[in-house]
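# Structural characterization, general
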Amino acid sequence: GEDVEQSLFLSVREGDSSVINCTYTDSSSTYLYWYKQEPGAGLQLLTYIFSNMDMKQDQRLTVLLNKKDKHLSLRIADTQTGDSAIYFCAESIAQTGANNLFFGTGTRLTVIP
Amino acid sequence: NAGVTQTPKFRVLKTGQSMTLLCAQDMNHEYMYWYRQDPGMGLRLIHYSVGEGTTAKGEVPDGYNVSRLKKQNFLLGLESAAPSQTSVYFCASSYFGQGASGANVLTFGAGSRLTVL
């Protein structure tokens, strides 16, 4: 089945850059996503990237995709305390019934003031 | 717009009891999903629906049933709750149409925390 892996924890100092990594196994992924979950809340979409792209930038967020190595990363520039949350990567696979999303375990980002 | 609304937000059950979680969306989305979130395991898909009157099994469907009688509602039922079903349950919906290509952008509810004693 689909397997999406992330490290569980990351701590950074306020103002530094954060890099959250994700690996996936299914080479037929069509899109890859980053979601953010704040305490006690549901997940919110941050950004996504088409599997044929290498990079996508959106303000402080940069997504890098290495399709050969099946590796996805999310870089947050100038990390703020409000960025503290759990970050999930996910992949969608066209062959699944509803283009279902398969999520990683989530990385808890802690920003130290 | 409320987006995706889940009720109840919290519930405590005894083993063997039954209950239903309700999910309602006001965005006219075709697809709806139920996920469970457990520590260290991320989100796992329980059941999903590609339209009114349809349901399908996800990764972990055992012990759950679902119904989609109306497009805006997706119900998740536990017929005989077990402690292993203690979890946070998330409903999500998306505009992704069946057969279409493109990103499948999910909108999530705030979650329902269920404890089974």
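This text goes with the structure placed above it.
Moving on, we get to the overall build of chain B. Broken down by element type, chain B carries zero helices and eleven strands. When its helices and strands are written in sequence order, chain B yields β-β-β-β-β-β-β-β-β-β-β. The C-alpha radius of gyration of chain B comes to 14 Å, within 12% of the 13 Å expected for a compact globule of 117 residues. Principal-axis analysis of the C-alpha atoms places the extent of chain B at approximately 40 × 25 × 25 Å. The buried share of chain B, taken over its 117 residues, is 50%. Across chain B, the fraction of contacts at a sequence separation of at least 24, relative to all contacts at a separation of at least 6, is 55%. About 5,400 Å² of surface is accessible on chain B, with carbon and sulfur atoms providing 52% of the total.

With that out of the way, let us pick up the pairing of strand S4 (residues 29-37) of chain A. The side chains of a regular strand alternate between the sheet's two faces. All names here are of chain A. Most of S4 is tucked away, with nine of its nine residues classed as buried. The pairing of S4 with strand S9 (residues 85-93) spans eight bridges and is antiparallel. Among the inter-strand pairings, serine 29 is bridged to a residue of S9, identified as isoleucine 93. Counting the residues between successive antiparallel strands, the hairpin from S4 to strand S5 (residues 43-50) contains five residues, one of them, glycine 40, with a positive phi of roughly 70°.

All names here are of chain B. In spatial order, the strands read S1-S3-S8-S7; together these four strands make up an open sheet with antiparallel pairing. This sheet does not close on itself; its edge strands, each paired only once, are strand S1 (4-7) and strand S7 (65-67). Each neighbouring strand pair of the sheet contributes to a mean axis angle of 20°, computed without reference to strand direction.

Before going further, it helps to examine the nonpolar core. Residues Tyr35, Leu101 and Phe103 of chain A together with Tyr33, Tyr35, Leu106 and Phe108 of chain B are the most contacted members of the largest nonpolar core, which totals 24 residues. Put simply, the parts of the chain that give this core at least two residues each are S4, S9 and strand S10 (101-103) of chain A together with strand S4 (31-38), strand S5 (42-49), strand S9 (87-94) and strand S10 (106-108) of chain B. Ile20, Trp34, Val63 and Leu72 of chain A belong to the second-largest nonpolar core, a separate cluster that totals 19 residues.

Further remarks concern the sheet that holds strand S7 (residues 61-66) of chain A. Paired through their backbone hydrogen bonds, the strands of a sheet run either parallel or antiparallel. All names here are of chain A. Reading across from one edge, S1-S3-S8-S7-S6 is the order of the five strands in this open sheet, with antiparallel pairing throughout. The open sheet terminates on both sides in strands that have one partner only, identified here as strand S1 (4-6) and strand S6 (55-58). Recorded for the sheet is a direction-independent mean angle of 15° between the axes of neighbouring strands. Bridge analysis of S7 against strand S8 (residues 71-76) gives six bridges, and the strand direction is antiparallel. Paired with leucine 61 across the bridge in S8 is isoleucine 76.

Moving on, we come to the state of the cysteines. Residue and element names in this part refer to chain B. Taken as a whole, this structure holds two disulfides over all chains when the rule is applied. Residue cysteine 23 pairs covalently with cysteine 91 via a disulfide, S to S 1.9 Å. Residues cysteine 23 and cysteine 91 share a disulfide whose torsion about the S-S bond is about -75°; that sign makes it left-handed. One end of the pair, cysteine 23, is in strand S3 (residues 19-25); the other, cysteine 91, is in strand S9, with 68 residues separating them in the sequence. Cysteine 91 shares its class with cysteine 23; the two are buried.

Reading guide: rules and limits
- Residues numbered from 1 in each chain as written.
- Chains lettered and ligands numbered in written order.
- Predicted model: local features only at pLDDT ≥ 70, side-chain atom pairs only at ≥ 80, totals over all residues.
- Heavy atoms only, no water.
- Helix = DSSP H or I, 4+ residues; strand = E, 2+ residues; numbered from the N terminus.
- Rg over C-alpha atoms; globule rule 2.2 N^0.38 Å.
- Buried < 20%, exposed > 50% of the residue type's maximum accessible area, 1.4 Å probe, protein only.
- Contact = heavy atoms within 4.5 Å.
- Areas by Shrake-Rupley, 256 points an atom, 1.4 Å probe, with all protein chains shown as cover.
- Pairing = 2+ DSSP bridges.
- Axes fitted to C-alpha atoms, helices over the stretch in contact; angles between N-to-C directions.
- Core = buried A, V, L, I, M, F, W, Y, C linked by side-chain atoms within 4.5 Å.
- Disulfide = S-S within 2.5 Å.

Scope: geometric values only; no functional claims are made or implied.
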